[in-house]
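# Fold and geometry: a report
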Number of protein chains: 2
Amino acid sequence: MTSVPRIVEVRKNILKHNDEVARALRKRFEDAGVLVVSLVSSPGAGKTAFLEKTLTLLRQANYRPAAVVGDLATDNDAARLARSEAPVKQITTGTLCHLEAAMVQSAIEAWDLGSLDFVFIENVGNLVCPSAYDLGESLRVVLLSVAEGEDKPLKYPTIFNSADMAVITKIDLAEAAEFDRAVAIGNIQSVRPGIPVIEVSAKRGHGMDDWIKLLTSRTRPGVGELSRSVFFTT
Amino acid sequence: MTSVPRIVEVRKNILKHNDEVARALRKRFEDAGVLVVSLVSSPGAGKTAFLEKTLTLLRQANYRPAAVVGDLATDNDAARLARSEAPVKQITTGTLCHLEAAMVQSAIEAWDLGSLDFVFIENVGNLVCPSAYDLGESLRVVLLSVAEGEDKPLKYPTIFNSADMAVITKIDLAEAAEFDRAVAIGNIQSVRPGIPVIEVSAKRGHGMDDWIKLLTSRTRPGVGELSRSVFFTT
């Protein structure tokens, strides 16, 4: 196709523009002392359930979280997350397969960052497209449900490579799904050596306290250390 | 962003080119009497397991199926599918989130279509990007696993809209996942009224015979009738 060089050029410009917006966002978040965590996964890995539980637990512990959630259509996720009583903003992307930094920037416009401890960004369910787009987050978390199969990190290496942490979700289904956790963790580690991995069931609550402890221990400064810390459940 | 009109234009050109290649492919497949079925779903919905079982059952019934499988990285899926002893061709897309018609065209180049009854095309696991790309298939099947949640059709309507048939997978996990099939089928139907829906467990074999019967009853001409036929499991 003769149009390929033009696409590459246009795509580079988009990514460059996105990186600039993301860099400015990250500075704003850091200056305000807000820990920004983005969640990426395939559709149905349980991002929203995990996030709803996270928001609820953080609020119970007197933290002030907020969430931005991206979807092609519907504001179902925002409605679910709003049950936690945290501020929630929906971004509807139409046919776009990922969030971009400018969308996050618009979404948080009305928020006083000084009154928040955490901002979570739930990306569109997609294991491919979001990997190239920096959203100004300090921590990118990739979720993988036990029902998806242990091979996903090998098949979608770019997104696992771009993540700072991996969360294995729906572990209450592990036995029924004949999930082999050693193989899954081995695959995650082979693609992204040293990445912290935790295992949770948002539905049953398993693993959520550890996750909250991990988050709250890192709220102020030192955020960048999280991805370098050793935090395995082996 | 000032570059948006250029992107739209470039994207339109790509889609137009893709449609032309797809149209030519479809004519070749139809002339050769090959039923071409594409599979789309989120990562981990079970496309490969479903396809492996389908290839094996079709070969046992003396049909001649072949498969083209797309992945960002690894040829794990091709290796799994090859166990069926059907011809299998892997397309590695790198960072591209979907297959395009030209890739399918290259992949099948060495095949004598006259010696085949079916060609299956397993797309990259993605509920967004593949929807806009015609691959020359006669039947596009969207898979949804019981572990993904009943709301996926509402959240990813474009791909369900572009499909001719929906397959609910991993029904052996339905109880453990607390899957509400009436809600799921209702959501599928609300997005794409009248679409045939079947329910299977490739692992346990449930529903596979019905699927094979459906495929083999449509191998020659009359393929287009499939999406208009009433084939519900209610």
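Attention here is on the structure that accompanies the text. (Residues numbered from 1 in each chain as written. Chains lettered and ligands numbered in written order. Predicted model: local features only at pLDDT ≥ 70, side-chain atom pairs only at ≥ 80, totals over all residues. Heavy atoms only, no water.)

## Comments concerning the relation of the copies chain A and chain B
- Superposing chain A onto chain B requires a rotation of 180° together with a translation of 0.0 Å along the rotation axis, leaving an RMSD of 0.0 Å. Put plainly, the chains are arranged around a two-fold axis.
- Taken together, the interface assignments show that 100% of the residues at the interface of chain A recur at the interface of chain B, consistent with an identical surface on both copies. (Least-squares fit on C-alpha atoms with pLDDT ≥ 70 in both. Contact = heavy atoms within 4.5 Å.)

## Observations regarding the packing of helix α2 (residues 47–60) of chain A against helix α8 (residues 208–216) of chain A
Residues and elements named next belong to chain A.
- In contact at an axis separation of 10 Å, α2 and α8 are set at 65° when each is read in the N-to-C sense. Regarding α2 and α8, the two cross each other, and that crossing is right-handed. Contacts between α2 and α8 pair Phe 50, Lys 53, Thr 54, Leu 57 and Leu 58 from the former with Met 208, Trp 211, Ile 212, Leu 215 and Thr 216 from the latter.
- Here the contact of α2 with α8 is composed, by residue class, of 7 nonpolar, 2 polar and 1 charged. (Axes fitted to C-alpha atoms, helices over the stretch in contact; angles between N-to-C directions. Helix = DSSP H or I, 4+ residues; strand = E, 2+ residues; numbered from the N terminus. Left-handed = near helix turned anticlockwise from the far one by under 90°. Nonpolar A, V, L, I, M, F, W, Y, C, P; charged D, E, K, R; others polar.)

## Considering the pattern of salt bridges
All names here are of chain A.
- Counted according to the given criterion, the structure contains 26 salt bridges over all chains.
- Note that Asp 117 and Arg 64 form a salt bridge whose closest N and O atoms lie 3.0 Å from each other. Here Asp 117, found in the loop between α4 (101–107) and β4 (118–122), pairs with Arg 64, found in the loop between α2 and β2 (65–71); they are 53 residues apart in sequence, far enough to count as distant.
- We classify Asp 117 as buried; its relative accessible area is 7%. (Salt bridge = Lys/Arg side-chain N within 4 Å of Asp/Glu carboxyl O. Buried < 20%, exposed > 50% of the residue type's maximum accessible area, 1.4 Å probe, protein only.)

## Quick notes on the interface of chain A and chain B
- Between chain A and chain B, the contact holds 45 residues from the first and 45 residues from the second.
- Here chain A packs against chain B, burying approximately 3600 Å² in sum over the two surfaces, 58% of which is carbon and sulfur.
- At the boundary of chain A with chain B, the tally comes to 8 salt bridges.
- Residues Lys203(B) and Glu178(A) are paired through a salt bridge, measuring 3.2 Å at the closest nitrogen-oxygen approach.
- Our count for the contact surface shared by chain A and chain B stands at 11 residue pairs in polar contact (both at pLDDT 80 or more).
- Those elements that provide at least two residues to the side of chain A that touches chain B are α1 (4–32), α3 (76–82), α5 (152–155) and α6 (157–161) of chain A.
- Looking at the side of chain A that touches chain B element by element, the count peaks at 6 residues for α1(A). (Buried area = accessible area lost by both parts, 1.4 Å probe. Polar contact = N/O pair within 3.5 Å; in protein donor to acceptor, adjacent residues only side chain to side chain.)

## A word on the side chain of Asp77(B)
- Structurally, the position occupied by Asp77(B) is in helix α3 (residues 76–82).
- For Asp77(B), a relative accessible area of 0% translates into the label buried.
- With near-sequence residues (within four places) excluded, Asp77(B) lies in contact with Asp151(A), Lys155(A), Thr48(B), Val69(B), Asp71(B), Gln90(B) and Glu122(B).

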